[in-house]
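Letter by letter, the chains look like this.
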Amino acid sequence: AQSVTQLGSHVSVSEGALVLLRCNYSSSVPPYLFWYVQYPNQGLQLLLKYTSAATLVKGINGFEAEFKKSETSFHLTKPSAHMSDAAEYFCAALTMDSSYKLIFGSGTRLLVRP
Amino acid sequence: DTEVTQTPKHLVMGMTNKKSLKCEQHMGHRAMYWYKQKAKKPPELMFVYSYEKLSINESVPSRFSPECPNSSLLNLHLHALQPEDSALYLCASVSTGGFGRNGNTGELFFGEGSRLTVL
């Protein structure tokens, strides 16, 4: 069964520092991969998606992610953290079979220190 | 129109009540989902409908009853819920037309959710 692993339930960075949130997937066939962000008391917002067109994917709010098949990873980065980036981040994978099942990682809460 | 609309946004119900959550999309998506999200946890898949037929039921208790009356609507009927069922319920939809073709990247579109409190 496919699974998504996010290392680190909490990540704390200083404002202006590099943000790195880790995501690994387990699948013999690379699934479609996504990063979602959730602000307090809100729904899910898509940050970016991997579609196999390019391994480096740029998303909204200055975030990007790199797909590495050899490492089965899809880590999320942002060069310079902003206070408004504080939120919960979920990595997710969509199975490519007919079940259309989207599986979420456990989430990483990003804290940004002034 | 790229929206998934969920109503109501907030619902408070007693354990003996019967209520329903509604979800609507007009993007022509033929797969629709219900997810349950508890505080500080990832969304948990409950049900998937594909072409208006239930394709996945993740062992959800029978007090939750999904219904897909047509390709645009998805309901979740609630009856005899427990306080631990209090959560954010998210609806989502995805295009099923040929992943990887015609710009279909398998992106799920989520509604804002219905926040349910069971007293």
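Here the structure is shown first, and the text comes after it.
Residues numbered from 1 in each chain as written. Chains lettered and ligands numbered in written order. Predicted model: local features only at pLDDT ≥ 70, side-chain atom pairs only at ≥ 80, totals over all residues. Heavy atoms only, no water.

The next subject is the packing of aromatic side chains. One pass over the structure, following the stated rule, counts 13 aromatic pairs over all chains. Judged by centre distance (6.1 Å) and plane angle (55 degrees), the rings of Tyr50 of chain A and Phe74 of chain A are tilted. Here the residue Tyr50 of chain A occupies a position in strand S6 (residues 45-50), and Phe74 of chain A occupies one in strand S9 (residues 73-78), the gap between them amounting to 24 residues. Looking at Tyr50 of chain A, the relative accessible area reads 8%, which means it is buried. Its relative accessible area of 0% is what places Phe74 of chain A among the buried residues. Put simply, the rings of Phe34, Tyr36, Phe90 and Phe104 of chain A together with Tyr33, Tyr35 and Phe110 of chain B touch in pairs and so form one group of aromatic residues. (Phe/Tyr/Trp six-rings, centres within 6.5 Å; stacked < 30°, edge-to-face > 60°. Helix = DSSP H or I, 4+ residues; strand = E, 2+ residues; numbered from the N terminus. Buried < 20%, exposed > 50% of the residue type's maximum accessible area, 1.4 Å probe, protein only.)

To continue, consider the interface of chain B and chain A. Contacts between chain B and chain A engage 27 residues on the former and 22 residues on the latter. The contact between chain B and chain A buries some 1,900 Å² in all, and 61% of this surface belongs to carbon and sulfur atoms. Where chain B meets chain A, there are 2 salt bridges. As a salt-bridge pair, Lys49 of chain A and Glu107 of chain B come within 2.8 Å of each other at their nearest N and O atoms. Between chain B and chain A we count 5 residue pairs in polar contact (both at pLDDT 80 or more) in total. (Contact = heavy atoms within 4.5 Å. Buried area = accessible area lost by both parts, 1.4 Å probe. Salt bridge = Lys/Arg side-chain N within 4 Å of Asp/Glu carboxyl O. Polar contact = N/O pair within 3.5 Å; in protein donor to acceptor, adjacent residues only side chain to side chain.)

Now for the pairing of strand S5 (residues 32-38) of chain A. The side chains of a regular strand alternate, residue by residue, between the two faces of the sheet. Residue and element names in this part refer to chain A. Within S5, 7 of the 7 residues are buried, leaving the element largely enclosed by the surrounding structure. Residues of S5 alternate between two faces, with Tyr32, Phe34, Tyr36 and Gln38 on one and Leu33, Trp35 and Val37 on the opposite face, all of them buried. In terms of strand pairing, S5 meets strand S10 (residues 87-94) through 7 bridges, oriented antiparallel. When the sheet's bridge partners are listed, Phe34 is paired in S10 with Ala92. As defined by bridge partners, S5 adjoins S6 across 5 bridges and the pair is classed as antiparallel. Bridge pairing links Val37 to Gln45 in S6. Between S5 and the antiparallel strand that follows it, S6, lie 6 residues; Asn41 among them carries a positive phi value of about 60 degrees. (Pairing = 2+ DSSP bridges.)

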